[in-house]
Amino acid sequence: MDVKASPIQEITERGIRTADNEYELDSIVFATGYDGMTGPLLKMDIQGKDELSLKDKWENGASVTTYLGIATAGFPNMFMITGPQSPSVASNMPTSIEQHVEWISECISYLHKNDIETMEANLADEEAWSRHCDEVYRNTLYSKTPSWYSGANIEGKPSAFLIYLGGVGAYNQKIKAIASQGYEGFTIKTATNLAK
């Protein structure tokens, strides 16, 4: 039912009464809305290089870019699990969480084994990934309607679709290929590099 056209008037003993009708229900789930995709990350006031805040980099949600939904340029050694521009909420979440946890765990192991001090997403690769996510999105029906996926449930939030819709299988192949190629798309620095 379209509750914009026929708003909910009250919860009754039998269910919900809207402006037009009463609907008998066995149970009601209250989903009061939340700031999906970027809300929790922006509220933490994460600081990157040169004291750049994630909120400033992403222009308070108006200009979000990530590399694979795992990392973002200017924030070395910061990894996101099911972050913006990953399959995240458009997938089976345990599967996507597991993909990221395993990838990040293997990456950290690689960093330790190779005495790597910092790993940071390259800006050009991040921008290319963000463009790819947008291209995939524009070829779907998701682009035809506002929803919480694009932040429409948060008054004043910039509208942006921040989910990779290419599928968890293709995504997993992509992140595994990047890892197997020595973490292509990332700048990696050892202690020796940092001392120069």
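Residues numbered from 1 in each chain as written. Predicted model: local features only at pLDDT ≥ 70, side-chain atom pairs only at ≥ 80, totals over all residues. Heavy atoms only, no water.

Caption draft 1: Up close: the overall build of the protein. Across its full length, the protein holds six helices and five strands. Seen through its C-alpha atoms, the protein measures out along the principal axes to roughly 70 × 35 × 30 Å. Looking at the 196 residues of the protein, the share that counts as buried comes to 37%. Long-range pairs, those at least 24 residues apart, make up 58% of the contacts in the protein with a sequence separation of at least 6. Accessible area of the protein: about 11,700 Å², with a carbon and sulfur share of 49%. Of the side chains in the protein, 16 bear a positive and 26 a negative charge, and the two mean positions are spaced by 5 Å. (Helix = DSSP H or I, 4+ residues; strand = E, 2+ residues; numbered from the N terminus. Buried < 20%, exposed > 50% of the residue type's maximum accessible area, 1.4 Å probe, protein only. Contact = heavy atoms within 4.5 Å. Areas by Shrake-Rupley, 256 points an atom, 1.4 Å probe, with all protein chains shown as cover. Lys, Arg positive; Asp, Glu negative; His and termini not counted. Charge placed at Lys NZ, Arg CZ, Asp CG, Glu CD.)

Caption draft 2: Inspection of the pattern of salt bridges at higher detail. Under the counting rule described, the total for this entry stands at five salt bridges. Among the ionic pairs, Glu 10 bridges to Arg 17, the shortest N-O distance being 2.8 Å. Taking relative accessible area as the criterion, Arg 17 reaches 30% and is therefore assigned partly exposed. Note that Lys 49 and Glu 120 form a salt bridge whose closest N and O atoms lie 2.9 Å from each other. Within this pair, whereas Lys 49 is found in the loop between helix H1 (39-43) and helix H2 (54-57), its partner Glu 120 is found in strand S4 (residues 116-121), the two being separated by 71 residues in sequence. The exposure class of Lys 49 is partly exposed, given its relative accessible area of 40%. Take Glu 120: its relative accessible area is 14%, and that puts it in the buried class. (Salt bridge = Lys/Arg side-chain N within 4 Å of Asp/Glu carboxyl O.)

Caption draft 3: Local environment of the side chain of Thr 65. Within the secondary structure layout, Thr 65 lies in the loop between H2 and helix H3 (93-113). Note on Thr 65: relative accessible area 17%, which makes it buried. Among the polar contacts made by the side chain of Thr 65, one reaches the side chain of Glu 126 at a distance of 2.6 Å. Discounting chain neighbours no more than four positions away, the residues touching Thr 65 are Lys 57, Trp 58, Thr 72, Gln 85, Glu 126 and Ser 130. (Polar contact = N/O pair within 3.5 Å; in protein donor to acceptor, adjacent residues only side chain to side chain.)

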